[in-house]
Amino acid sequence: MSIWATIFDLEDDPPYVYQGSHVLPADDDPRDDGDAVQLALVPSHITRDGRDDRPEDGVPWPWLRLSLRSEDTVLGRSQVAEMHRALGAWLEQTQPPTTPTHHNTTRSAR
């Protein structure tokens, strides 16, 4: 999958409104407007004065823009790697238990 623009917009499944660390979220809690979280790479065609050494269709710069509401920050590769590790661990820890498969163990009468 290639990230070329804002790709993580939650319009169809907006995040929950944060109500404080003392409030356990619930499925029916209020939702944000859907524009709260966005990710975007910094494409190779973005340059600055004195630096025009990348082709327009080249490898993206090693930064990822993370936007929360209207606030933007830029993460480097090591920060994205740590976030990836932490989010992967969280997904593993919160994975719903699998339902065991029951096999029919009755024997046929002879």
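From a predicted model like this one, the values you see are computed outputs, not experimental measurements. (Residues numbered from 1 in each chain as written. Predicted model: local features only at pLDDT ≥ 70, side-chain atom pairs only at ≥ 80, totals over all residues. Heavy atoms only, no water.)

Novice: When you look at the side chain of Ser44 in this model, what are you seeing that I'm missing?
Specialist: Relative to the assigned elements, Ser44 resides in the loop between strand S1 (37–42) and strand S2 (61–68). At 3.0 Å, the side chain of Ser44 and the backbone nitrogen of Gly58 are in polar contact. Setting aside residues no more than four positions away along its own chain, Ser44 makes contact with Arg54, Pro55, Glu56, Asp57, Gly58, Val59, Pro60 and Trp61. (Helix = DSSP H or I, 4+ residues; strand = E, 2+ residues; numbered from the N terminus. Polar contact = N/O pair within 3.5 Å; in protein donor to acceptor, adjacent residues only side chain to side chain. Contact = heavy atoms within 4.5 Å.)

Novice: How should I be thinking about the pairing of strand S3 (residues 71–76) in this particular structure?
Specialist: Residues in a regular strand project their side chains so that they alternate between the two faces of the sheet. Direction of pairing for S2 relative to S3: antiparallel, over a ladder of six bridges. Considered in S3, the bridge of Arg65 is made with Val74. The hairpin turn running from S2 into S3, its antiparallel successor, is two residues long, and Arg69 in that turn takes a positive phi close to 55 degrees. (Pairing = 2+ DSSP bridges.)

Novice: Please clarify how the sheet that holds S1 should be interpreted in this entry.
Specialist: Paired through backbone hydrogen bonds, the strands of a sheet run either parallel or antiparallel to each other. Pairing is antiparallel in the open sheet, where three strands are placed in the order S1-S2-S3. In the strand order of this sheet, the two ends are held by S1 and S3, each with one partner. Ignoring strand direction, the axes of neighbouring strands in this sheet form an average angle of 25 degrees. In this sheet, S2 lies alongside S1 in antiparallel orientation, the contact comprising six bridges. Paired with Val42 across the bridge in S2 is Trp61. In the packing of helix H1 (residues 77–93) onto the sheet, contacts are made with S2 and S3, and the angle to S3 comes to roughly 95 degrees. (Axes fitted to C-alpha atoms, helices over the stretch in contact; angles between N-to-C directions.)

Novice: How do you make sense of the environment of Ile46 when you look at a structure like this?
Specialist: Tracing the chain through its elements places Ile46 in the loop between S1 and S2. The spatial distance from the C-alpha of Ile46 to the C-alpha of Glu56 is 8.2 Å, given a sequence separation of ten residues.

Novice: Help me understand the pattern of salt bridges in this model?
Specialist: A side chain with one charge may pair with a side chain of the opposite charge, provided their charged atoms come close. Going through the model one piece at a time under the given rule, you end up with two salt bridges. Between Arg31 and Asp13 there is a salt bridge, and its shortest N-O distance comes to 3.0 Å. Linking Arg31 in the segment before S1 with Asp13 in the segment before S1, this pair joins segments that are 18 residues apart in sequence. A relative accessible area of 33% means that Arg31 is categorised as partly exposed. Judged by its relative accessible area of 51%, Asp13 falls in the exposed class. Of the charged contacts, one joins Glu82 and Arg85 as a salt bridge, the two residues approaching to 2.6 Å between their closest N and O atoms. Residue Glu82 and its partner Arg85 are both found in helix H1; the two are separated by three residues, about one turn of the helix. (Salt bridge = Lys/Arg side-chain N within 4 Å of Asp/Glu carboxyl O. Buried < 20%, exposed > 50% of the residue type's maximum accessible area, 1.4 Å probe, protein only.)

Novice: Looking at this structure, I do not really get the packing of aromatic side chains. What am I missing?
Specialist: Each aromatic ring pair is described using two quantities: the centre-to-centre distance and the angle formed by the ring planes. For the coordinates displayed, the defined rule picks out one aromatic pair. The side chain of Arg31 reaches across the aromatic face of Tyr16, ending 3.9 Å from its centre. (Phe/Tyr/Trp six-rings, centres within 6.5 Å; stacked < 30°, edge-to-face > 60°. Lys NZ or Arg CZ within 6 Å of the ring centre and 35° of its normal.)

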